[in-house]
Structures are given as C-alpha cells and as structure tokens.
Amino acid sequence: MNQQKIGCFLKELRKTKNLTQEQLAEKLNVSGRTISRWETGNNMPDISLLVELAEFYDVSIPEIIDGERKSDSMEKEVKEVAEKMSDYAEAEKETIIKNIRNLSIISACALVVYFLLEITGAVTQNVIFETAHLYCETLVFVTTLLIPLYTTGLLGKIQHRKKNERFNNVPKFIKIIISAIIAFTSAAIIKILLSEILGF
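Along each chain, numbering runs from 1 in the same order as the chain's sequence is written. The predicted origin of the model limits local features to residues at a pLDDT of at least 70 and limits the giving and counting of side-chain atom pairs to 80 or more, whereas totals for whole chains, interfaces and linings rest on all residues. In computing side-chain values, all of the structure's heavy atoms are included and hydrogens and water are not.

Chemist: What should I look at first to understand the overall build of the chain in this one?
Modeler: The helix and strand labels rest on DSSP assignments: H or I over at least four residues marks a helix, E over at least two residues marks a strand, and numbering proceeds from the N terminus. Broken down by element type, the chain carries 10 helices and 0 strands. Ordering the α and β elements of the chain from the N terminus gives α-α-α-α-α-α-α-α-α-α. Across the 200 residues in the chain, those meeting the buried criterion constitute 22%. A contact between two residues is defined here by any heavy atoms of the two lying within 4.5 Å. For the chain, the share of sequence-separated contacts (at least 6 apart) that also reach a separation of at least 24 residues comes to 57%. For the chain, the accessible surface area stands at approximately 14,600 Å², while carbon and sulfur atoms represent 60% of it. Exposure is judged per residue with a 1.4 Å probe applied to protein chains only, and the accessible area is read against the type maximum: over 50% gives exposed, under 20% gives buried, and values in between give partly exposed. Note on areas: these come from Shrake-Rupley sampling with a 1.4 Å probe, and a residue is covered only by the protein chains present in the view.

Shown next as structure tokens:
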C-alpha cells in the first residue's frame, strides 16, 4: 500500500469537488491538519472515515486504497465476471433441483408399484412380481438416501474427489452397473438392519 499515492489521489478527489482542506475537514468533522496529513501520505483515514470518503467522492474503497480510479473497461469486466458466476450458480442450482425432482418422481413411482403389488397380493403369485417388488422396495431406499446427499452437497464432493486411475479407464456403462450394484447392496443391507433393529 503506497500512502503517498493514496494521499495524492485524495488530494485530486478533493480538488474535483472544488473544496479547500478546511471545507472538507468541516464536512467530515475532522481538523484541517488531519486532511493535510492524509494528502501528504503521513497518515491514513480511519475505516469509518474511509467509508465516508468513498461515499462522498463516489469512488470505491479499493480505489482509494489503490490510489487510483479503475477504468470503465475494468469495471465492465468485473461486472461481466460477476454475471457469469451468477448464471453458473443458477444453472448449478437448477441441475440440483432437477435431479432431486427426478429422484422424487422415481421414488414415488417405485412406492406406488410396491404398494400395488403388496395390496393385490401379486408379489406371492409370480417370481417376476416378487423381483419387481424387491426392486421397487430397494429403489425407494436408494432414492431416499440420495436426496439428502444432493441437498447437503455430499454427493458432489464424492463425485469430484480424486478417483483411482484404474477406475477412470473403465467404460461408462460398467461404472453405471457397478454403482447400481453398490447402491442396491447398500440399500438392501440398510433394509435388513432396519428390519432387525426396528422390526420393519
């Protein structure tokens, strides 16, 4: 931080307002000597006065600290970056909401099929219905587990962590099959534990 440069900048800003040091001092409720010490770079304004100066001169605090006005093109660039970041965050949020909605729909459909098979007694009549019943039951558990993982951001952390290089070379469809097996196995284990502990 160059105090001499800041002092010169503050002096320039005062002159653009056509004010003397005493007039400015009166507006800020400080002494003329204080203004003089700022403008010579011997001293710096307090934080509260820095905010007041920025508002009075219609500049930003970083501009005062840097001792120069930022160019219009730089301000435009900063705004564009901020807008792009905002758009990116919005798109990411929409993706999360979409994924949660899809999981909820899958879970609801699986639950409906599960209860239909249960109520009609079809589960005991056929191996296919029995398999569908088990599949739907497991799917409800899996989707119920995934929703909190999405909302807390844990799933994103798991997906973005560094993976084993050998696993990266595996074709995508095999990864999907492995993930599905792990998910269904985990859900089945959780179901067994719940049935043992809580009597579900």
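Chemist: For this particular structure, what's the right way to read the packing of aromatic side chains?
Modeler: A ring pair, where both rings are aromatic, is described by two values, the distance of the centres and the angle of the planes. Ring geometry is summarised as follows: Phe, Tyr and Trp rings, the Trp one being its six-membered ring, pair when their centres sit within 6.5 Å, and such pairs are stacked at plane angles under 30 degrees, edge-to-face over 60 and tilted between the two. Considering all chains together, one arrives at 2 aromatic pairs under this definition. Consider the rings of Phe56 and Tyr57, whose centres lie 5.2 Å apart with planes at 65°: the pair is edge-to-face. The class for Phe56 is partly exposed, based on a relative accessible area of 25%. Considering the side-chain rings of Tyr114 and Phe115, the 5.4 Å spacing of their centres and the 75° angle between planes classify their relative orientation as edge-to-face. In this structure Phe115 comes out as partly exposed when scored by relative accessible area, which is 42%.

Chemist: Looking at this model, I keep getting lost on the pattern of salt bridges. Mind explaining?
Modeler: Side chains bearing opposite charge may pair, as long as their charged atoms lie close to each other. For this analysis, a salt bridge means a side-chain nitrogen from Lys or Arg found within 4 Å of a carboxyl oxygen belonging to Asp or Glu. As enumerated under the stated definition, the model contains 2 salt bridges in all. The partner of Glu68 in a salt bridge is Lys5, and the shortest N-O contact between them spans 3.5 Å. Highlighted residues: Glu68 in the loop between α5 (61–66) and α6 (72–120) and Lys5 in helix α1 (residues 3–16), separated in sequence by 63 residues. Look at Glu68 and you get partly exposed, because its relative accessible area is 37%.

Chemist: Explanation requested: a nonpolar patch on the surface in the structure shown.
Modeler: Taken together, the side chains of Leu111, Phe115 and Ile119 present a nonpolar region at the surface, about 310 Å² in accessible area. Following the sequence through the fold, Leu111 ends up in helix α6. Patch membership requires more than 30% relative accessible area and the absence of a salt bridge. Residues of like charge join within 9 Å; the nonpolar side chains Val, Leu, Ile, Met, Phe, Trp and Tyr join within 5 Å.

Chemist: Can you walk me through α1 in this structure?
Modeler: The α-helix advances 3.6 residues per turn, and as a result positions three or four apart in sequence lie on the same side. Multiply 1.5 Å by the residue count of a helix minus one, and that product is the helix's expected span. Its 14 residues place the ends of α1 20 Å apart at the C-alpha level, agreeing with the 20 Å of an ideal helix rising 1.5 Å per residue. Where α1 is concerned, the buried positions are Ile6, Gly7, Phe9, Leu10, Leu13 and Arg14. For α1, the angular spread of buried residues about the axis comes to 165°, placing them on one side. Away from its buried face, by an angle of more than 90 degrees, α1 presents the exposed residues Glu12 and Thr16. Contacts made by the buried residues of α1 are with α2 (21–28), α3 (32–40), α4 (47–57) and α5. The N-terminus of α1 is capped by Asn2, whose side-chain oxygen sits 3.1 Å from the backbone nitrogen of Gln4. At the C-terminal side of α1, Asn18 shows a positive phi close to 55°. Here the arc refers to the set of directions running from the helix axis out to each C-beta atom. Polar contact is defined as a pair of N or O atoms within 3.5 Å, subject to the rule that within protein one atom must be able to donate a hydrogen and the other to accept it, and that residues adjacent in sequence are counted only when both atoms are side-chain atoms.

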